[in-house]
Amino acid sequence: MNQDDWLAALYPGEITSIPDYVRCSRRLRDALTPLVVDLLTRGTPVVLDHPGNTRKQRHWFRELIERASGPHQLHFVDAGEDTCKRQLKQRSSSLPEGGAWTTDAEFDAITAFFKPPTDNENFNEIRHQRA
């Protein structure tokens with residue numbers, strides 16, 4: 001289950017702004033941390049479909065890795081804004097009527113905070129270049 005599905009299931013109708021998203025995603029992250037660390041410590045692979053758009057968001061990944069002391073991979077999809085917006089429109093076209101979708105304005109507001117991963121964050125990064 002990806003973060004969007006978790007948030008929709010746990011906080012139906014509560015996320016109507018970026019501050020709402022930040023608050024709810026922080027609560028979800030805090031709830032998942034012990035479970036993810038436990039699974040990783042037991043040697044169970046875990047795939048997190050959660051954003052790592054900012055250094056602060058990636059700090060959570062780093063915390064999980066350090067607490068579990070295991071191998072990791074950070075997949076970074078390197079795509080331009082036009083590609084992202086086109087994919088969002090395609091994804092939104094298949095949503096059921098009334099389904100949540102991301103507008104260009106919302107994308108721009110969220111993307112303003114984006115910072116790509118840097119070498120000094122020490123991730124085993126796998127970069128996927130999208131045209």
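Cut-offs applied
Residues numbered from 1 in each chain as written. Predicted model: local features only at pLDDT ≥ 70, side-chain atom pairs only at ≥ 80, totals over all residues. Heavy atoms only, no water. Phe/Tyr/Trp six-rings, centres within 6.5 Å; stacked < 30°, edge-to-face > 60°. Buried < 20%, exposed > 50% of the residue type's maximum accessible area, 1.4 Å probe, protein only. Helix = DSSP H or I, 4+ residues; strand = E, 2+ residues; numbered from the N terminus. Salt bridge = Lys/Arg side-chain N within 4 Å of Asp/Glu carboxyl O. Contact = heavy atoms within 4.5 Å.

Undergrad: How do you make sense of the packing of aromatic side chains when you look at a structure like this?
TA: The description of an aromatic ring pair uses the distance of the two centres, along with the angle that the planes make with each other. Per the stated rule, a full pass over the model turns up two aromatic pairs. Where Trp60 meets Phe61, the ring centres are 5.7 Å apart and the plane angle is 40 degrees; that geometry is what we call tilted. Residue classification places Trp60 among the buried residues on the basis of a relative accessible area of 5%. Between Phe76 and Phe114, the aromatic rings sit 6.2 Å apart at their centres with planes inclined by 15 degrees, giving stacked as the arrangement. Note that Phe76 is positioned in strand β1 (residues 74–78) and Phe114 in the loop between α5 (104–111) and β2 (125–129), a separation of 38 residues in sequence. A relative accessible area of 32% places Phe114 in the partly exposed class.

Undergrad: Teacher, can you tell me more about the pattern of salt bridges here?
TA: Working definition: two side chains of opposite charge can pair if their charged atoms are close together. Scanning the model with the defined rule gives 12 salt bridges in all. For Arg67, the salt bridge is made with Glu63, and the minimal N-O distance between the two is 3.1 Å. In this pair, Arg67 and Glu63 are both assigned in helix α3 (residues 55–68), four residues apart and thus about one turn of the helix distant. Since its relative accessible area comes to 29%, Glu63 is described here as partly exposed. When the shortest N-O distance is used, the salt bridge between Asp78 and Arg127 registers 3.1 Å. Of this pair, Asp78 sits in strand β1 while Arg127 sits in strand β2; the two residues are 49 residues apart in sequence, bridging distant segments of the chain. On the accessibility criterion, Asp78 (23% relative accessible area) is partly exposed. On the basis of relative accessibility, which here comes to 41%, the residue Arg127 falls in the partly exposed class. The network of salt bridges with common partners includes Glu14, Asp20 and Arg23.

Undergrad: Explain the side chain of Gln3 to me, please; I cannot follow it from the model alone.
TA: Considering the arrangement of structural elements, one finds Gln3 in helix α1 (residues 3–10). Look at Gln3 and you get buried, because its relative accessible area is 6%. Non-local contacts of Gln3, meaning those with residues more than four positions away in its chain, are made with Tyr21, Ser25, Leu28, Asp49, His50 and Pro51.

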